[in-house]
Every structure is written in C-alpha cells, then in structure tokens.
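Descriptive structure summary
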Amino acid sequence: MSEKIDIDIGSRIKQIRGTQTQQEFADLLDIGRTTLINYEGNTRVPDAEFLLKLYVMYKVQPLWLLTGIGDDVSGVKLKPDESILLDNYRHCPPEGKAALKTTSAALAKSKCNKKTG
C-alpha cells in the first residue's frame, strides 16, 4: 500500500463536527457525549453503527474516517481549487468563516441575478 495511514480518527471527527458542541453532535448521532469524547480523544475506535450514522447523515466515507485515505465525502471529488478553498475555510477563525460565508452568498446571488436579469 502506497498511501500512509493516518490513525488520528479524533481530529477527523472534530472536523466533521465543525462548530457544533460535542453535546449537539452526540445528540444528533444518538450517542453519549462521553463516547464522542473518547472517539475524538483517540481512546476508543468508533463502532460500525457510528460509522453508518456518519455516512447516512454526513456522507462521510468510513475508510477516510478510519485511515485518512481517500475523500471524506461520498461521491464528491473536489477540484484542486475547490479543495484549497475548503481547506482555507476549515483553518479560519469563526469571524473569518462568517466573512467567507457572507462573501460566497453575495457572489452566488449576484451570479443568479445576472442569469435571471
């Protein structure tokens, strides 16, 4: 196998959780907060039921979650520039994320207006 396996499952779960609190995320997935803490702390490996819930609710590929290999989202292959934008967004502070969302929405709206106008 040529790809390096990254066993930091916890950081990938945190990435999926995003800005949700641990309690909010645990409630959505119908698991205990302590279980989530153990998953995110890499002290417990997620079980098959958790992997299935992440796939159904967030389209997260189990292989990516467990190994870091492949794409995180099912069926979506990002172009290099899209991947860069997403990576930049993920590494922004909350105020930066808010600004990017506002800018993105404004740009999308202006393009839609040009099509209909």
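These notes cover the structure that comes with them. (Residues numbered from 1 in each chain as written. Predicted model: local features only at pLDDT ≥ 70, side-chain atom pairs only at ≥ 80, totals over all residues. Heavy atoms only, no water.)

On a plain count of helices and strands, the protein chain comes out with seven helices and zero strands. Secondary structure elements in the protein chain, listed N-terminal to C-terminal, are α-α-α-α-α-α-α. Relative to its 117 residues, the protein chain shows a buried fraction of 25%. For the protein chain, restricting intrachain contacts to residue pairs at least 6 apart in sequence, the fraction spanning at least 24 positions comes to 45%. A total accessible area of about 8200 Å² is found for the protein chain, and carbon and sulfur atoms account for 58% of it. (Helix = DSSP H or I, 4+ residues; strand = E, 2+ residues; numbered from the N terminus. Buried < 20%, exposed > 50% of the residue type's maximum accessible area, 1.4 Å probe, protein only. Contact = heavy atoms within 4.5 Å. Areas by Shrake-Rupley, 256 points an atom, 1.4 Å probe, with all protein chains shown as cover.)

With that settled, the discussion passes to a nonpolar patch on the surface. Together, Leu28, Leu52, Tyr55, Val56 and Met57 make up an exposed nonpolar region whose accessible area comes to about 450 Å². Broken down by element, the nonpolar patch gets its largest block of residues, four residues, from helix 4 (residues 48-58). The topology assignment puts Val56 in helix 4. (Patch = residues over 30% accessible without salt bridge, like charges linked within 9 Å, V, L, I, M, F, W, Y side chains within 5 Å. Salt bridge = Lys/Arg side-chain N within 4 Å of Asp/Glu carboxyl O.)

Pairing is possible between side chains of opposite charge, provided their charged atoms come close. Under the defined criterion, the tally for this structure stands at two salt bridges. The salt bridge involving Glu40 is made with Arg17; its shortest N-O contact spans 2.7 Å. Of this pair, Glu40 sits in helix 3 (residues 33-40) while Arg17 is found in helix 1 (residues 9-17), placing the two residues 23 residues apart along the sequence. Assigned by exposure class, Glu40 and Arg17 land together as buried. Between Glu49 and Lys53 there is a salt bridge; the shortest N-O distance is 3.4 Å.

So, about helix 3. For helix 3, every residue scored as buried is listed here: Thr35, Leu36, Tyr39 and Glu40. Along the long axis of helix 3, the arc covered by the buried residues comes to 130°, so they all point the same way. Buried residues in helix 3 make contact with helix 1, helix 2 (22-29) and helix 4. (Arc of directions from axis to C-beta.)

So, about the packing of aromatic side chains. Each aromatic ring pair is summarised here by two numbers: the centre-to-centre distance and the angle between the ring planes. Considering all chains together, one arrives at two aromatic pairs under this definition. Geometrically, the ring pair formed by Phe25 and Tyr58 is tilted, given 5.7 Å between the ring centres and 50° between the ring planes. One end of the pair, Phe25, is in helix 2; the other, Tyr58, is in helix 4, and 33 residues separate them in sequence. Above the ring of Trp64, the side-chain terminus of Arg12 is found at 5.9 Å from the ring centroid. If you follow Lys59 out to its NZ or CZ, it ends over the ring of Tyr55, 5.6 Å from the centre. (Phe/Tyr/Trp six-rings, centres within 6.5 Å; stacked < 30°, edge-to-face > 60°. Lys NZ or Arg CZ within 6 Å of the ring centre and 35° of its normal.)

The values are spatial; any link to function lies outside them.
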